[in-house]
Every structure is written in C-alpha cells, then in structure tokens.
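# Tertiary structure, described
Residues per chain are reported as follows:
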Amino acid sequence: MAFGWIDEQARLRRRAGLVRTLRPRAADTPLLDLASNDYLGLARHPEVVEGAARAARTWGGGATGSRLVTGSTELHAELERELADFCGFEAALVFSSGYAANLAAVTALAPHGSLIVSDAGNHASLIDGCRLARGTTRIAAHADPDAVGKALSGHDGPAIAVSDTVFSVDGDAAPLAGLVAACREYGAGLVADDAHGLGVLGEGGRGAPHAAGLAGADDVVVTVTLSKSLGSQGGAVLGPARVVEHLVNAARTFIFDTGLAPAAAGAALAALRLLRREPERAARAGAVARELHTRLTALGLEGVRPDAAVVSVRAPSPEQAVRWAADCRAAGLSVGCFRPPSVPDGISRLRLTARADLSGAEIDRAVQVIGETRP
C-alpha cells in the first residue's frame, strides 16, 4: 500500500513521546507569551503593523514573481540598503525566509571540491544547506575553533566554516573571534547565521558579528532572519558585494523562489527603523533573559546561562517536557518545548524566549508558573 510505512513511523513517534501537533492561535489570547521569537516585542507594534499595511496597499498582496523577474520592488532594495548599513556590511540580499537565506549561502559558497566545516549544534537550515551543497561536509565539535582548524588543515581548495552565532537550543553564543581566526589561518570563509543575535547583541542590536568586530570583513558572510527581533518574515544574506552578486546568479533559493511579500518587507523595514530610534530594546531583551535564568536556576532547575534572548530549562524526558509545557499553558503561560530530533544532544527542554516588553510582574508570573508545574 502506498505510504503504508507512515503508520509505523507514527506508532514509533507515539511510543517515544515525539508526536507534534499544530495548535492554531487566536488573534487575542490571555496567555503570557514566552514561546515566540518576538524578542523586541515589535510584531504587533503599531508602526510595524502600519509598515506592513502601507506596503500591501502600495505593492499588493504578493511579490508576483521571483526576484529576478517581477519580485523585486523599490521596497526590497530599500530594505537591503538599510539592513546592510545597520549591520555594517557592504551589501545585503533579501530572501523569502531565513531558511532560504541559509540554504542559499551554504550551497552557493560550497561548490564541487570545496569543504564545509559545520558546528555540531547548527540549526536545521544550515544542516540542510550542507546536505544540498556540492562540497564535502565535516562536523566539528560544538563551539570549538580548534576542531574547526583541525578539519580545515588537511584541505586544499575552497572552504567555509558554518556556524550559528547564537544556538537556538540553549541560547549559547559561538566563539566568533576564534572561528574567524581558524578560518583565516587556512584561507577559509566564515558563514555565520545571526538569526538569534540580530536585534539583541551588538551595539543597538546590530548583531553578534558586529559585536565581535567582524562586520564588513571580506571573508565573513552573515545570514539573518526578519521573523525574530524584527517581528516580520523573511531572511537576508549580508556580506561583500561580490558575494551578494554571486548569490543573485547562483543561489537556487533566490533564483527560483517567489520574492518576499511586500507587506513583510514593509514590516521589517519599519521595525529596523524603530530599533535604530530605540536601541535600548536590545539591552532589555538580554537583561530579561538573564533574570529569567537566574531566578529559575535559583529554584534548582537546570539550564545554560543565556548569551542572548533564548533561555532553556532541561526536562527529565520528552514525555515530561510535553506535559510540563501543557501544564504551563493551562496555567496561562506559553512556552516552547524542544525534543529530539530538534535537540542535538537528545535532552528535552522547555525553551523560553525573553522579550524586551515583558514587565516585572510578567517575569514574576512566568517564574512562578514554571516552578509550580515542574515535573
């Protein structure tokens, strides 16, 4: 029977406590949100919403085609210029998602005969980029520049190292200075995914590469998402102009994908301009994350100290993680639940995301609920 094997896969997922389900949310909810990636609290900000609405009124509901045909508008170009300027890079290229941006950067910069050295804790989009690229991939130990250097040392030809700047499971930061030093020793480039750094780290939220002094380097390429701190949707690749020009001509997720919807571009641009005016939002998101971690670990819970806005709390098992998240939800708190295969070490977690707009009372409530519902 066609697809009969799916039933066995479903049975195995149920047995392992790994069944995932969709839960459509209402426009208005009484739940306190510590599950979304809206780090700066901008997704519903009036200026960001109006930016989306104005773009839709001006350009229509969709981009109407790929970026190389009809899908590039003046708005896309404006967003690219301001993103590059804000983050300190020569050029930027906007994609329909952060996932597409990562696929583009890795596949287009790792041709046949090249080497990709990928951190063991990288996001699935980077992993898929490695799988699709024509180069050979070697996995390096998590956040270990020496391991990256060792992997690069035996290769003769083009090479890149690929890493998240802030890892999405535990919220720990990559040692960017060490990684770029290892790359430079062997003439390799660095591709860094700053999805969880943009808007939180660096001066005024300019990102982890900016904080590490790597913005504008000719051997560093950075990918970002517009769907986290900027409260919109889409992604971008930042780097030297010649790299961006290469992506326009070689990246399949750019050439063959419909362009980012104008409303999303308009929302992202409005959020970026708001962040420029209110840089204190970045520092506040980090401060909320650190406070959550300090107070939760004081209760005896285990988690890695956050370097950005992601706070993880370990759970005893996948089943107990699911139950814990459900109990939090029943008590009015929405939290993320990460289980295998989303976690590289196999340890299930509650994943909390700090928001710059959380009040002291809301932090108190979140800590209380998590503590009272712990397995």
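Residues numbered from 1 in each chain as written. Predicted model: local features only at pLDDT ≥ 70, side-chain atom pairs only at ≥ 80, totals over all residues. Heavy atoms only, no water.

As annotated in an unreviewed UniProt entry, the protein is 8-amino-7-oxononanoate synthase from Streptomyces thermocarboxydovorans. Database annotation for the protein, UniProt heading Cofactor (unreviewed entry): "pyridoxal 5'-phosphate". Under the heading Catalytic activity (unreviewed entry), UniProt records this for the protein: "6-carboxyhexanoyl-[ACP] + L-alanine + H(+) = (8S)-8-amino-7-oxononanoate + holo-[ACP] + CO2". (UniProt positions renumbered as here; feature names shortened; annotations may be inferred.)

On the surface, Phe3, Trp5 and Ile6 cluster together into a nonpolar patch covering about 380 Å² of accessible area. Topologically, Ile6 is positioned in helix α1 (residues 5-16). Its relative accessible area of 35% is what places Ile6 among the partly exposed residues. (Patch = residues over 30% accessible without salt bridge, like charges linked within 9 Å, V, L, I, M, F, W, Y side chains within 5 Å. Areas by Shrake-Rupley, 256 points an atom, 1.4 Å probe, with all protein chains shown as cover. Salt bridge = Lys/Arg side-chain N within 4 Å of Asp/Glu carboxyl O. Helix = DSSP H or I, 4+ residues; strand = E, 2+ residues; numbered from the N terminus. Buried < 20%, exposed > 50% of the residue type's maximum accessible area, 1.4 Å probe, protein only.)

Looking now at the environment of Asp128. Secondary-structure assignment places Asp128 in helix α5 (residues 124-132). Spatially, the C-alpha atoms of Asp128 and Arg273 are 32 Å apart, while their sequence positions differ by 145 residues.

This paragraph deals with the side chain of Ser96. Structurally, the position occupied by Ser96 is in the loop between β2 (91-95) and α4 (98-108). Of the polar contacts made by the side chain of Ser96, one reaches the side chain of Asp257; its length is 2.4 Å. Excluding residues within four positions of it along the chain, Ser96 makes contact with Gln233, Gly234, Gly235, Asp257, Thr258 and Leu260. (Polar contact = N/O pair within 3.5 Å; in protein donor to acceptor, adjacent residues only side chain to side chain. Contact = heavy atoms within 4.5 Å.)

In this structure the tally under the stated criterion is 16 salt bridges. Two residues, Arg131 and Asp128, come together in a salt bridge whose shortest N-O distance is 3.3 Å. One end of the pair is Arg131 and the other is Asp128, both in helix α5 and 3 residues apart, which spans about a single turn. For Arg131, a relative accessible area of 66% corresponds to the exposed category. Of the residues examined, Asp128 reaches a relative accessible area of 22% and is grouped as partly exposed.

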